[in-house]
Amino acid sequence: MPAITVDATTFALFGALGDLALRKLFPALYQLDRAGLLHADTRILALSRDTGDAGAHLARIDQALRKHVSATQLDEDVLSRFMARLDYLTMDFRNQADYASLAEKVSPVLPLIAYFATPASVYGAICENLAHADLADQTRVVLEKPIGHDLESSRVVNEAVAQYFPESRIYRIDHYLGKETVQNLIALRFANSLFETQWNQHHISHVEITVAETVGIEGRWGYFDQAGQLRDMIQNHLLQLLCLIAMDPPSDLTADSIRDEKVKVLKALAPITPERLGRYVVRGQYVAGSVGGKAVPGYLEEENSNAESSTETFVALRADICNWRWSGVPFYLRTGKRMGEKVSQIVIHFKEPPFYIFAPEQRSLISNRLIIRLQPDEGISLQVMTKEQGLDKGMHLRSGPLQLNFSQTYKSSRIPDAYERLLLEVMQGNQNLFVRKDEIEYAWKWCDQLIDGWSRIGEPPKAYPAGSWGPVASIALITRDGRSWYGDL
Ligand SMILES: NC(=O)C1=CN([C@@H]2O[C@H](COP(=O)(O)OP(=O)(O)OC[C@H]3O[C@@H](n4cnc5c(N)ncnc54)[C@H](OP(=O)(O)O)[C@@H]3O)[C@@H](O)[C@H]2O)C=CC1
Ligand SMILES: O=C1O[C@H](COP(=O)(O)O)[C@@H](O)[C@H](O)[C@H]1O
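In this convention, every chain numbers its residues from 1, walking through the sequence in written order. The naming scheme follows written order: chains are lettered A onward, ligands numbered 1 onward. For this predicted model, a pLDDT threshold of at least 70 governs which residues receive local features, and a threshold of 80 or more governs which side-chain atom pairs are given and counted, while totals over whole chains, interfaces and linings are taken from all residues. By convention in this description, side-chain values take in all heavy atoms of the structure and omit both hydrogens and water.

1. Quick look at the UniProt feature "domain: Glucose-6-phosphate dehydrogenase NAD-binding" (unreviewed entry) in the protein
UniProt positions are given in the numbering used here, feature names are shortened, and annotations may be inferred rather than shown by experiment. UniProt's entry tags residues 13-184 with the feature "domain: Glucose-6-phosphate dehydrogenase NAD-binding" (unreviewed entry), counted in the numbering of this structure. What you have in residues 13-184 is 43% helix and 15% strand, and the ends, taken at the C-alpha atoms, are 29 Å apart. Secondary structure elements follow DSSP: runs of H or I of four or more residues count as helices, runs of E of two or more count as strands, with numbering from the N terminus.

Here you go:
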């Protein structure tokens, strides 16, 4: 039996036949049901503008579950219980009249969760129509990222939603915040006094955040080519990771205490002026290559592509945080599509000891690092120096890991997908893992100045072969500061 109880809700999924819904959201809801975390009275309304037979659309959802839930977790009894919760409704989300049939299906006594798995341009219309249908007061709205494509457009979306919903019932998704190891950052930093005394510019030399993907754009050219990797990944996921590493201790675990601290970090990010852009930021675009031994096309040869596009699929940059804790500690961020390996990790590099008593030739070995692996092989490893074993060794040093691999250490637990955690939090009315309006806006403000700088300079992104670790210039970005990207990447 689960240790927590979750109240009944009506869950309305707008965009229920889209990619995100079929690939991630329905499987996450199924997993919650399987774990006993969906109340018996929770109903799920699958909303889409696809006309035709509701039964056929529900069958598509059933097929998607069979495809995206691993065979070991697909239980026919749970699946039929889950499918029995579903109803399909054809709606054009912009059409007010279509909300009458939605209102008939919504229980007036339960909270309504309205999950917007649609383009952000439709969010305002859905909110307005929910309000006209008298559904707003009982509703929590869940907004997918990206919210807008710059500061101005994000304000338009946020203001449209805020006309009908208070901030306390708006849940802005950044699915990285739902990843177990990302939540563990808070436990690691604030449940262990060991780290906090070291967590500043006196002891840390620099920080790396890498989110490398092996996938390309997966048939999402229309969306991705308008966005690029800076808007798709840095503005949200990587800046959120940076905030969780860099923020001061919140006074408690409430959503606003954590968000207040994250906002302070975003406000303290030093702008990267056009003069420093060439030195601090590298944009790349993949060309044909091979990933995992398989030949893959370049970005400009992807399905529905435009051969002229100068959208970046890779970004590496150096960010500086102007405050007492982090002054002089660069944060190197790197993310790209079609890289050699899927890996998301944060590496905290500690400074060398202040005085060196070992043989000078061993000096290059000295460096404590804390490696936080978000995916795959979630875990934490602390690189420490020890003496080599053996009578013949003398005081020869070596570097080795103190390692905690979550799946090996805690064998019983399956690591849940980020969306499972986030959907559960919305059902419980808990906003900790969601992003407040001002966080989104400060993140856009910082990214907008990079985008403006790029468009002023007008330089195309640097080519990198699919399956590599990005353009050579991204190595130069960090070696120029006398450092290198951690590990075998
Ligand atoms: N897919 C992913 O991995 C991720 C997606 N997201 C975000 O999630 C959201 C959904 O993305 P994704 O699933 O990929 O997009 P899709 O285009 O696959 O799905 C969006 C769905 O919304 C429907 N829709 C759009 N406008 C209307 C309308 N007026 N009335 C009724 N239905 C409408 C579309 O219908 P139709 O097909 O008829 O146009 C489509 O089914 C976006 O905001 C995206 O940025 C965020 C992170 C990852
Ligand atoms: O939000 C997004 O995230 C995915 C990467 O997520 P992950 O959990 O697989 O690391 C990215 O591929 C996609 O382009 C982006 O929109």
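2. Points about the side chain of arginine 436
Looking at where arginine 436 falls in the secondary structure, it is placed in the loop between α13 (418-427) and α14 (437-457). Relative accessibility decides the category of a residue: with a 1.4 Å probe and only protein chains considered, values under 20% of the type maximum give buried, values over 50% give exposed, and everything between is partly exposed. Arginine 436 gets classed as buried once you look at its relative accessible area, which sits at 12%. Two N or O atoms form a polar contact when they lie within 3.5 Å of each other; inside protein one atom must be a possible hydrogen donor and the other a possible acceptor, and for residues adjacent in sequence the pair counts only when both atoms belong to side chains. Polar side-chain contacts of arginine 436 include one of 2.7 Å to the side chain of aspartate 256. We call two residues in contact whenever any of their non-hydrogen atoms come within 4.5 Å of each other. Other than its neighbours up to four places away in sequence, arginine 436 contacts Glu167, Arg172, Asp256, Arg259, Asp260 and Val263.

3. Here's the deal with the sheet that holds strand β11 (residues 314-319)
Two strands pair under a simple rule: DSSP has to find at least two bridges between them. Strand order in the open sheet formed by nine strands is β16-β15-β14-β13-β7-β12-β11-β8-β17, with mixed pairing between adjacent strands. Edge strands, defined here as strands with exactly one partner in the open sheet, are β16 (397-405) and β17 (462-465). Shown here is a sheet whose adjacent strand axes are inclined to one another by a mean of 20°, direction ignored. Relative to strand β12 (residues 331-336), β11 runs antiparallel, the two being bridged by six bridges. In the strand pairing of β12, phenylalanine 314 is matched with glycine 336. Structural elements are reduced to axes, namely lines fitted to C-alpha atoms, with helices fitted over the stretch in contact, and the angle between N-to-C directions of any two is expressed from 0 to 180 degrees. Against the sheet, helix α7 (residues 180-190) engages β13 (343-350), β14 (369-375) and β15 (379-387), with an angle of about 145° to β14. Across the sheet, helix α9 (residues 221-246) touches β7 (204-212), β11, β12, β13 and β14, and the angle it forms with β12 is around 145°.

4. Description of helix α15 (residues 472-479)
Within the span of α15, buried status applies to Ser474, Leu477 and Ile478. Down the axis of α15, the buried side of the element spans an arc of 80°, and every buried residue falls inside it. Structurally, α15 contributes buried residues whose contacts are with α11 (274-280), β8 (281-287), β11 and β12. Read the arc as the range of directions from the helix axis to the C-beta atoms.

5. Section: the site of ligand 2
The environment of ligand 2 is formed by Lys145, His175, Tyr176, Lys179, Glu213, Arg220, Asp232, Met233, His237, Lys337, Lys342 and Gln375. Between an oxygen atom of ligand 2 and a side-chain N or O atom of glutamate 213, the distance comes to 2.4 Å. In the model, an oxygen atom of ligand 2 is placed 3.0 Å from a nitrogen or oxygen of the lysine 342 side chain. In isolation ligand 2 exposes 400 Å². Once the protein is present, 82% of that is buried. If a single non-hydrogen atom of a residue is within 4 Å of a molecule or strand, that residue counts as near it. Per-residue and other accessible areas follow the Shrake-Rupley method at a 1.4 Å probe size, with only the shown protein chains counted as cover for residues.

6. As for the pairing of β12
With six of its six residues buried, β12 lies for the most part within the structure. In β12, alternate side chains face the same way, and those of Phe331, Leu333 and Thr335 on one face and Tyr332, Arg334 and Gly336 on the other are all buried. Where β7 meets β12, six bridges bridge the pair, whose relative direction is parallel. For threonine 210, the partnering residue across the bridge sits in β12 and is arginine 334.

7. So, the UniProt feature "binding site: substrate" (unreviewed entry) in the protein
In this structure's numbering, the residues bearing the UniProt feature "binding site: substrate" (unreviewed entry) are His175, Lys179, Glu213, Asp232, Lys337 and Lys342. Structurally, glutamate 213 can be placed in the loop between β7 and α9. Among residues more than four places away in sequence, those in contact with glutamate 213 are Gln229, Met233, Gly336, Lys337, Arg338, Met339 and Glu341. Along the chain, lysine 337 falls in the loop between β12 and β13. When its relative accessible area of 5% is taken as the criterion, lysine 337 is described as buried. Not counting residues within four places of it along the chain, the set of residues in contact with lysine 337 comprises Glu213, Val215, Gly216, Phe224, Gln229, Asp232, Met233, Tyr286, Thr313 and Tyr464.

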